[in-house]
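Structure at a glance
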Amino acid sequence: MPNKSIQVNGLQKSYKQLQVLKGVDFEVEKGSVFALLGSNGAGKTTVVKILTTLLKPDSGTAIVNGFDVASKPDRVRQSISLTGQFAAVDEVLTGRENLIMIAKLRHLNHPRQVAHDLLKRFGLTDAADRKASSYSGGMRRRLDIAMSLIGKPELIFLDEPTTGLDPEARIEAWKIVKELADGGTTVFLTTQYLDEAEQLADRIAILHEGRIIASGTLAELKELFPPAEVEYVEKQPTLEEIFLAIIGKKEAI
Ligand SMILES: Nc1ncnc2c1ncn2[C@@H]1O[C@H](COP(=O)(O)OP(=O)(O)O)[C@@H](O)[C@H]1O
Ligand SMILES: [Mg+2]
């Protein structure tokens, strides 16, 4: 289907005895922000690795930008970009040099201009000629995301883009994601933070014990749980309450 960026069906993956994915299904609409929400160890990075062709699933299918990750990994790689959980920035190089390097690797025509524009866009102009090793966590993450935008991928994967960032840097990263989405880029992000999913995502899928146990827009997820009536005042559940209720319900079965 042309309006889908990602279609995942029955994805399974084990690491030796440990079955991490037990049949994962979801779809991501083109141009949307999709959040895969799950606790530490839920299997989020495993899903990202499969979708970005770094890891093969044991079974199931994943179609990314119309290409099957199993049979067309090169085409998938050309159409995406990945910002991993751990920054890909080269510490020895300056911010500018990091960007120029990637622009050259991607065979762009004006690598210096590309770097200049991205430095400006991500508020890194003043720090451009300092080694990345001197950057704060927030600056490094911005540089990392800037690097992943080189070549204008239509789909970008952000694996826990704000884990380890201070609150200010976190809000900056959120701003960047919103700008990407406004520009029409499809964003697949993973997070363990409910407020992050709530802030950024058009659709949220909750990965728990190897499966997607709930998915939908925030409004749809909220509908699963009727508002509690407190002294005749309706109180909408927060995503956190929904999350805990789903997990609690599941474990009670
Ligand atoms: N290469 C690996 N070998 C063995 N176990 C792994 C490997 N990678 C991940 N795991 C385990 O698989 C589970 C899911 O990991 P991961 O996908 O990184 O989760 P998340 O990104 O949601 O924190 C964890 O229990 C983790 O320890
Ligand atoms: Mg992870």
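Scroll up a little and you will see the structure.
So, here's what we can say about the structure. (Residues numbered from 1 in each chain as written. Chains lettered and ligands numbered in written order. Predicted model: local features only at pLDDT ≥ 70, side-chain atom pairs only at ≥ 80, totals over all residues. Heavy atoms only, no water.)

Topic: the sheet that holds strand 1 (residues 4–15)
Spatially, 2-1-4-5 is the arrangement adopted by the four strands of the open sheet, whose pairing is antiparallel. For this open sheet the edge positions go to strand 2 (18–29) and strand 5 (67–68), each flanked by a neighbour on one side alone. In terms of strand pairing, strand 1 meets strand 4 (residues 59–64) through five bridges, oriented antiparallel. The residue bridging Asn 9 from the neighbouring strand is Thr 61, located in strand 4. (Pairing = 2+ DSSP bridges. Helix = DSSP H or I, 4+ residues; strand = E, 2+ residues; numbered from the N terminus.)

Structural notes on the site of ligand 1
In the vicinity of ligand 1, the contacting residues are Tyr 15, Leu 18, Val 20, Ser 39, Asn 40, Gly 41, Ala 42, Gly 43, Lys 44, Thr 45 and Thr 46. Contact between ligand 1 and Gly 41: an oxygen atom at 2.7 Å from a main-chain N or O atom of the residue. In this structure, Gly 43 approaches ligand 1 through a main-chain N or O atom, which is 2.9 Å from an oxygen atom. Protein contacts shield 59% of the accessible area of ligand 1, which totals 560 Å² for the unbound molecule. When residues of the shell around ligand 1 are traced back to their parent elements, those giving at least two are strand 2 and helix 1 (44–51). (Near = heavy atom within 4 Å. Polar contact = N/O pair within 3.5 Å; in protein donor to acceptor, adjacent residues only side chain to side chain. Areas by Shrake-Rupley, 256 points an atom, 1.4 Å probe, with all protein chains shown as cover.)

A word on the side chain of Arg 142
Structurally, the position occupied by Arg 142 is in helix 5 (residues 137–149). The exposure class assigned to Arg 142 is buried, which follows from its relative accessible area of 15%. Within the local environment of Arg 142, its side chain forms a polar contact with the backbone oxygen of Phe 122, the two atoms lying 2.9 Å apart. Look past the residues within four positions of Arg 142 in its chain and what remains in contact with it is Phe 122, Gly 123, Leu 124, Glu 172 and Ile 176. (Buried < 20%, exposed > 50% of the residue type's maximum accessible area, 1.4 Å probe, protein only. Contact = heavy atoms within 4.5 Å.)

Notes on the packing of aromatic side chains
What the rule picks out here adds up to four aromatic pairs. Between Phe 26 and Phe 34 the ring centres are 5.1 Å apart and the planes differ by 20°, which places this aromatic pair in the stacked class. We note that Phe 26, like Phe 34, is buried. An aromatic cluster of three or more residues is present, and its members are Phe 26, Phe 34, Phe 157 and Phe 188. Over the ring of Tyr 193 we find Arg 170; its NZ or CZ atom is 4.7 Å from the centre of that ring. (Phe/Tyr/Trp six-rings, centres within 6.5 Å; stacked < 30°, edge-to-face > 60°. Lys NZ or Arg CZ within 6 Å of the ring centre and 35° of its normal.)

Quick look at the sheet that holds strand 3 (residues 33–37)
Pairing between the strands of a sheet is mediated by backbone hydrogen bonds and can be parallel or antiparallel. As summarised here, the arrangement of the six strands in space is 6-7-8-3-9-10, forming an open sheet in which the pairing is mixed. Each edge of the open sheet carries a strand with a single partner, namely strand 6 (80–83) and strand 10 (211–216). The mean inter-strand angle of the sheet, taken between neighbouring strand axes irrespective of direction, is 15°. Judged from the four bridges that link them, strand 6 and strand 7 (residues 155–159) form a sheet pairing that is parallel. Paired with Ile 80 across the two strands is Leu 155, which belongs to strand 7. Across the sheet, helix 5 is in contact with strand 6 and strand 7; its angle to strand 6 comes to roughly 165°. Here helix 6 (residues 167–182) sits on the sheet and contacts strand 3, strand 7 and strand 8 (186–191); the angle it forms with strand 8, its principal contact strand, is near 150°. (Axes fitted to C-alpha atoms, helices over the stretch in contact; angles between N-to-C directions.)

Digging into the nonpolar core
The biggest cluster of nonpolar side chains holds 46 residues, and the ones touching the most others in it are Leu 99 and Ile 204. The dominant element in this core, judged by the number of residues it contributes, is helix 5, at six residues. For Ile 204, the contacting residues outside a window of four places in its chain are Ala 35, Leu 37, Ala 197, Ala 214, Ser 215, Gly 216, Leu 218, Leu 221 and Leu 239. One finds Phe 26, Phe 34, Val 48 and Ile 50 within the second-largest nonpolar core, a separate group that totals 26 residues. (Core = buried A, V, L, I, M, F, W, Y, C linked by side-chain atoms within 4.5 Å.)

So, the pattern of salt bridges
Tallying each qualifying case throughout the model produces eleven salt bridges. Glu 160 is the salt-bridge partner of Lys 44, the closest N and O atoms lying 3.5 Å from each other. With Lys 44 in helix 1 and Glu 160 in the loop between strand 7 and helix 6, this pair connects stretches of sequence that are 116 residues apart. For the pair formed by Lys 44 and Glu 160, the shared burial category is buried. (Salt bridge = Lys/Arg side-chain N within 4 Å of Asp/Glu carboxyl O.)

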